[in-house]
Amino acid sequence: MTDIGEAMLIALVDGELDEVNRRRVERAVAADPALAARLAQHRSLRARLAGHYAPVAQEPVPDRLRAVLEESATVAPLVRPAPRWRDWAMGGAIAASLVLGLGLGRMSGTGPGSIGMRDGVMVARGALATALDTQLASAQGVDGAIRIGLTFQRQGGGWCRSFDGPIAGVACREEEGWQVQQALPGAGSQTAYRQASSADARVMATVDALIDGAPADAAGEKAAQAKGWR
Amino acid sequence: MSFERDLLAILPRLRRFAASLSRDRADGDDLCQAALERGLKARDQWQPGTRLDSWMYRIMRNLWIDEARARQRAAKTFAPEEAGAYVGHAGDRDVEAHMMLSDVDRAMQALPQEQREAIALVLVEGLSYKEAAAVLGVPMGTLTSRLVRGRGALLELMGEAA
C-alpha cells in the first residue's frame, strides 16, 4: 500500500518535486512494482510527446512566417539568407528514383547527400555522411544543403539522427559509419510545404519507432558528437 | 527592431506550441501567423523585462480558443445535424490531413481544450507548473489536476505503446 498519488508521480516526471518529496516518491516506487510501472508509463508518455513535436522547433521556419516579421521590421530588416532549395531539384529527382528502387547502385559517392550500398544495407556517403558526423542541429543555418533534425538514442543503444535535404530520412551510427534506416524524397522546393510535411510525418513515425527516451538537447548532441557518436 | 528579432528567436518554439494545439501542421502555421500579427499589433502592451515567450504563448492560446468557439458556432449554424461529428470540418483536404496524423496527433486532438493546452505547455514546451499556470491564468492546483486527467486520457488513447 502506498499513499503516493498520480499527481505526485507526475510531478516527479515533470521535475516539480523538492528534494524531500522526490526521495519519498522514489522510495515508494522502489518498493512497489505497480507504482514503478505507472511511473515508467508517465516518463515514456512525456518523452514521446516531446519527441513528437520537437522536430517542428528544429526545422526551418516557413517563409510566410518570416515575412510577417520582416514586413513589420522596417527600421532594420532581418537578414534572410536566400534559400538554396533550387539546387536540390536534381537531388529530389535522384531521391525519387531511389524510393522507386531504381539506380541505387549508381548513386554511390556522388551527388548531394549521397547514399551508397554496403553489404546490402544503405549507408551515408559524401555530403550526407559529413553532415551526420559534424553538423549540429543546434548550430546550423537555415540554408544548409542538408539539415539535421533530431538526434536521439535508439532502443538497444546507439545514436540516430534524422535529416532533410535532397533526401530526408533517419540514419543510425554503426561501427563503420551511418546506416540509413529510411530514405524519402526530401523537401524539394520551398513551395512544396505539403510535400515536405508528408515526408516529415513518415520520418517522424520512424523516429517514434526507434527512439529510446527523449531526443538529445543541444548539449547532449554536442557531447555525442565529441565522442564520435560512440 | 529588436522586438521582431526577439520574436524570430522564439518563433521555432511558438510554431511547436501551435502544432501541438492544432489539428495539423498547416493549421498550426495559420495559428502561428495570426499570433505573430496579433503580437506585433499589441507590442505596446508587452512589458520589457517580462518573458516574451510566455506573453506570446498566451496570445496564441487565446486565439486558439476564440477560433475553436467560432468553429463550433459555425457548425451549429450551418450543419446542426452533424454538430459534434465533424465540428465544422469536412472535405477531401480534411480527410487527407486526418489520415496523415499519427497516434500522438490524434490523441492530442481528442483531449478537451483545457487539458490539451496544459499538456502542450508542460510536456511539449517544458514550462514549469508555475509558468504554465501563469500563461493559462489558472491556479496551480487547477493546472496539476488538468495534467493528471489529460495524461490519463492520453495513456488510454495511445495504449500501452505510449
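Each value, and the rule that gives it
Residues numbered from 1 in each chain as written. Chains lettered and ligands numbered in written order. Predicted model: local features only at pLDDT ≥ 70, side-chain atom pairs only at ≥ 80, totals over all residues. Heavy atoms only, no water. Helix = DSSP H or I, 4+ residues; strand = E, 2+ residues; numbered from the N terminus. Contact = heavy atoms within 4.5 Å. Buried < 20%, exposed > 50% of the residue type's maximum accessible area, 1.4 Å probe, protein only. Pairing = 2+ DSSP bridges. Buried area = accessible area lost by both parts, 1.4 Å probe. Salt bridge = Lys/Arg side-chain N within 4 Å of Asp/Glu carboxyl O. Polar contact = N/O pair within 3.5 Å; in protein donor to acceptor, adjacent residues only side chain to side chain. Nonpolar A, V, L, I, M, F, W, Y, C, P; charged D, E, K, R; others polar. Arc of directions from axis to C-beta. Core = buried A, V, L, I, M, F, W, Y, C linked by side-chain atoms within 4.5 Å. pLDDT = per-residue confidence, 0-100. Axes fitted to C-alpha atoms, helices over the stretch in contact; angles between N-to-C directions. Parallel < 35°, antiparallel > 145°, perpendicular 65-115°, else oblique. Left-handed = near helix turned anticlockwise from the far one by under 90°.

Chain B carries the name RNA polymerase sigma factor in an unreviewed UniProt entry, which gives Sphingobium cupriresistens as its organism.

As recorded in an unreviewed UniProt entry, chain A goes by the name Anti-sigma factor, listed as coming from Sphingobium cupriresistens.

Student: I keep staring at the overall build of chain A and nothing clicks. Help me out?
Tutor: When helices and strands are counted, chain A shows eight helices and six strands. Reading chain A from its N terminus to its C terminus gives the helix and strand order α-α-α-α-α-β-β-α-β-β-β-β-α-α. The contacts of chain A with a sequence gap of at least 6 include a subset with a gap of at least 24, amounting to 50%.

Student: Help me understand the pairing of strand β4 (residues 159-164) of chain A, please; the structure alone is not making it clear to me.
Tutor: For a regular strand, side chains alternate in direction, first toward one face of the sheet and then toward the other. Residues and elements named next belong to chain A. Along β4, five of the six residues are buried, which leaves the element largely enclosed by surrounding structure. Here strand β3 (residues 147-153) pairs with β4 via five bridges, running antiparallel. Bridged to Ile148 within β4 is Phe163. Pairing analysis gives four bridges linking β4 to strand β5 (residues 167-174), with the strands arranged antiparallel. The partner of Ser162 across the bridge, within β5, is Val170. Hairpin connection from β4 to β5: two residues lie between these consecutive antiparallel strands.

Student: Teacher, can you tell me more about the interface of chain A and chain B here?
Tutor: When the parts come together, some accessible area is lost, and that loss is often what is quoted as the size of the interface. Taken together, the contact between chain A and chain B spans 42 residues of the former and 46 residues of the latter. Three residues, Arg48, Tyr53 and Leu69 of chain A, lead the burial of chain A against chain B; their summed loss comes to 17% of the area buried on that side. Counting across the chain A and chain B interface gives three salt bridges. Arg151 of chain B is the salt-bridge partner of Asp14 of chain A, the closest N and O atoms lying 2.8 Å from each other. At the boundary of chain A with chain B, the tally comes to 11 residue pairs in polar contact (both at pLDDT 80 or more). Elements represented by at least two residues in the side of chain A that touches chain B include exactly α1 (6-13), α3 (33-58), α4 (63-72) and α7 (193-210) of chain A. Looking at the side of chain A that touches chain B, the element that brings in the most residues is α3 of chain A, giving 14 residues. Across the side of chain A that touches chain B, the residue classes tally to 25 nonpolar, seven polar and 10 charged.

Student: Looking at this model, I keep getting lost on the environment of Asp105 of chain B. Mind explaining?
Tutor: When you line up the elements, Asp105 of chain B lands in helix α5 (residues 103-110). Sequence separation of Asp105 of chain B and Asp24 of chain B is 81 residues, and the distance between their C-alpha atoms is 7.7 Å. Leaving out residues up to four positions away in the same chain, Asp105 of chain B has contacts with His52 and Tyr53 of chain A. Here His52 of chain A takes part through its side chain, which lies 3.2 Å from a polar atom of the side chain of Asp105 of chain B.

Student: I tried to follow helix α7 (residues 129-136) of chain B on my own but got confused; where do I start?
Tutor: The periodicity of an α-helix, 3.6 residues per turn, causes residues three or four positions apart to be oriented the same way. All names here are of chain B. Listed in full, the buried residues belonging to α7 are Tyr129, Ala132, Ala133, Val135 and Leu136. For α7, the arc enclosing every buried residue in end-on projection is 160°, short of the 170-degree limit, so these residues lie on one face. Looking one or two residues past α7, Gly137 carries a phi angle of roughly 65°, positive in sign.

Student: Even after reading the chapter, I still don't get the nonpolar core, so can you show me in this structure?
Tutor: A general tendency of soluble globular proteins is for nonpolar side chains to be buried together. Formed by 69 residues in total, the largest nonpolar core has its most connected members in Leu49 of chain A together with Leu7, Leu36, Met56, Met108, Leu143 and Leu154 of chain B. Residues within four places of Met108 of chain B in sequence aside, it is in contact with Leu49 and Tyr53 of chain A together with Ser20, Arg116, Ile119, Ala120 and Leu154 of chain B. Residues Ile146, Ile148, Val180 and Ala224 of chain A belong to the second largest nonpolar core, which totals 19 residues.

Student: What's the story with the confidence of the model for chain A in this structure? I'm lost.
Tutor: Segments scoring low in pLDDT should not have their predicted coordinates read at a detailed level. All names here are of chain A. Put simply, chain A has an average pLDDT of 76, and 73% of its residues get 70 or more. Within chain A, the element-level pLDDT minimum falls on helix α5 (residues 88-99), averaging 45, and the maximum on α1, averaging 95. For the stretch residues 75-113, pLDDT sits under 50, and the model shows 62 contacts to residues farther than four places along the chain or on other chains. Residue range residues 188-197 is modelled with pLDDT below 50. Its contacts to residues more than four positions away, or to other chains, number 16 contacts.

Student: Hey, could you run me through unusual backbone geometry in this one?
Tutor: The bulk of non-glycine residues show a negative phi, and the bulk of peptide bonds are trans. One non-glycine residue, Trp229 of chain A, lies in the positive phi region at around 60°. By secondary structure assignment, the location of Trp229 of chain A is in the segment after α8 (218-226).

Student: Please explain the packing of α4 of chain A against helix α1 (residues 2-21) of chain B as it appears in this structure.
Tutor: The description of two helices packed together rests on the angle between their axes and the distance between the axes. Two elements in contact, α4 of chain A and α1 of chain B, have axes whose closest approach is 10 Å; the angle formed by their N-to-C orientations is 165°. Taken together, the axes of α4 of chain A and α1 of chain B are roughly antiparallel relative to one another. Where α4 of chain A crosses over α1 of chain B, the two elements pack in a sense that is right-handed. Only Glu4, Leu7, Leu8, Leu11 and Arg15 of chain B of α1 of chain B make contact with α4 of chain A, whose side of the interface consists of Leu65, Arg66, Leu69 and Ser72 of chain A. Residues of the contact of α4 of chain A with α1 of chain B, tallied by class, amount to five nonpolar, one polar and three charged.

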